Amino acid sequence: MRLTQRTVILVTAAVASFAPVTMVTAIPAAASNATATPYAVTPAIRVTATIPVGLNPVQVAANSRTNTIYVTNDGDNTVSVISGHTNTVTATIPVGSAPRGITLNPRTNTIYVTNIEDNTVSVISGHTNTVTATVPVGASPFSVAANPRTNTIYVANEVAST
């Protein structure tokens, strides 16, 4: 399969069986009792959908509570919002210049996007799919992480080394 710059692929891992695939019986030379050792089940991995998104998708985050997926699109300064129920884009949100990193807080349904060229983080409401704030940060914010328990956001600024 050939991938284009405007494609996101959702991959799922599904275990075909919960029971061990094979049992091996080992009989010690000096003992008459046997032990069985199960082999691990290898999950089946398959492509479940190919979804067109914005130009040059970079990173992805998923909210398991809402079954919503968010993709940063570096080439057109947007975030694509995908419904995990229908595997379709439900919204496209304009953000800052060259969005890269993305994370979310599932407790607050808030999404955070680093914009590497304008040194900001866009804060997005997952309820309305709109930018609610733009926060200045250090030079070239590359990645972002959220602690849902404390609602603390951590940003790594590549050029600022902070």
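Treat the numbers as computed from the prediction; the structure is a model and nothing was measured.

About the cut-offs
- For every chain, the first residue of its written sequence is number 1, and the numbers climb from 1 along that sequence.
- Owing to the predicted nature of the model, reporting of local features is limited to residues with pLDDT of at least 70; listing and counting of side-chain atom pairs is limited to 80 or more, with chain, interface and lining totals taken over all residues.
- In computing side-chain values, all of the structure's heavy atoms are included and hydrogens and water are not.
- Runs of E in the DSSP output that reach at least two residues are strands. Runs of H or I that reach at least four are helices, and both are numbered from the N terminus.
- Burial status follows relative accessibility: with a 1.4 Å probe on protein chains alone, a residue under 20% of its type maximum counts as buried, one over 50% as exposed, and anything between as partly exposed.
- Residue contacts are counted whenever heavy atoms from the two residues lie within 4.5 Å of one another.
- Methods summary: accessible areas were calculated by the Shrake-Rupley approach with a probe of 1.4 Å, and residue burial reflects only the protein chains presented.
- Take the buried Ala, Val, Leu, Ile, Met, Phe, Trp, Tyr and Cys residues and link them wherever side-chain atoms come within 4.5 Å; each set so joined is a nonpolar core.
- One bridge is not enough; two strands pair if DSSP finds at least two bridges between them.
- Salt bridge, as used here: a side-chain nitrogen of Lys or Arg that lies within 4 Å of a carboxyl oxygen of Asp or Glu.
- Polar contact is the term for a pair of N or O atoms within 3.5 Å; when the atoms are in protein, one must be able to donate a hydrogen and the other to accept it, and sequence-neighboring residues count only if both atoms are side-chain atoms.
- Lines fitted to the C-alpha atoms define the axes, with helices restricted to the stretch that makes contact. Angles between their N-to-C directions range from 0 to 180 degrees.

Chemist: Provide a residue-level description of the overall build of the chain, including the pertinent values.
Modeler: On a plain count of helices and strands, the chain comes out with 0 helices and 14 strands. Looking at the chain as a whole, 32% of its 162 residues are labelled buried. Across the chain, the fraction of contacts at a sequence separation of at least 24, relative to all contacts at a separation of at least 6, is 38%. Summing over all exposed atoms, the chain offers an accessible surface of approximately 9,400 Å²; the carbon and sulfur share of this is 56%.

Chemist: Please provide a residue-by-residue account of the nonpolar core, values included.
Modeler: Counting 12 residues, the largest nonpolar core is built from Ala61, Tyr70, Val79, Val81, Ala91, Ile93, Val95, Ile102, Leu104, Ile111, Val113 and Ile124. Among the elements of the structure, β7 (78-83), β8 (88-94), β9 (99-105) and β10 (110-115) are those that each provide at least two residues to this core. Formed by 6 residues, the second largest nonpolar core is a distinct cluster that contains Ala49, Val53, Ile69 and Ile82.

Chemist: So what about the pairing of strand β6 (residues 68-73)? Which residues, and what values?
Modeler: Most of β6 sits out of view: 6 of its 6 residues are buried. Along β6, one buried face is formed by Thr68, Tyr70 and Thr72 and the opposite face, lined by Ile69, Val71 and Asn73, is buried too. Sheet analysis places strand β5 (residues 57-63) next to β6, joined by 5 bridges and oriented antiparallel. Paired with alanine 61 across the bridge in β6 is tyrosine 70. Two successive antiparallel strands, β5 and β6, enclose a turn made up of 4 residues, where asparagine 67 displays a positive phi of approximately 55 degrees.

Chemist: Account for the pattern of salt bridges, naming residues and giving values.
Modeler: What the rule picks out here adds up to 1 salt bridge. One salt bridge connects arginine 100 with aspartate 74, and the closest N-O pair in it is separated by 3.0 Å. Taken together, the positions of arginine 100 in strand β9 and aspartate 74 in the loop between β6 and β7 put the pair 26 residues apart, joining distant regions of the chain.

Chemist: Could you give me a rundown of the side chain of asparagine 115, with the residues and numbers involved?
Modeler: By the element assignment, asparagine 115 lies in strand β10. Accessibility expressed as a relative area gives 0% for asparagine 115, which makes it buried. Separated by 2.8 Å, the side chains of asparagine 115 and serine 122 make a polar contact. Ignoring any residue separated from it by four or fewer positions in sequence, one finds asparagine 115 in contact with Val95, Gly96, Ser97, Ala98, Pro99, Thr120, Val121, Ser122 and Pro141.

Chemist: Please provide a residue-by-residue account of the sheet that holds strand β12 (residues 130-136), values included.
Modeler: Two pairing modes exist for strands in a sheet, parallel and antiparallel, and in both the strands are linked by backbone hydrogen bonds. Ordered in space as β9-β10-β11-β12, the 4 strands form an open sheet in which the pairing is antiparallel. Two strands in the sheet have a free side with no partner beyond their single neighbour: β9 and β12. Neighbour-to-neighbour, the strand axes of the sheet open up by a mean angle of 20 degrees, direction not taken into account. Where β10 lies against strand β11 (residues 120-125), 6 bridges are found, and the strand directions are antiparallel. Bridge assignment links threonine 110 to a residue of β11, and that residue is serine 125.

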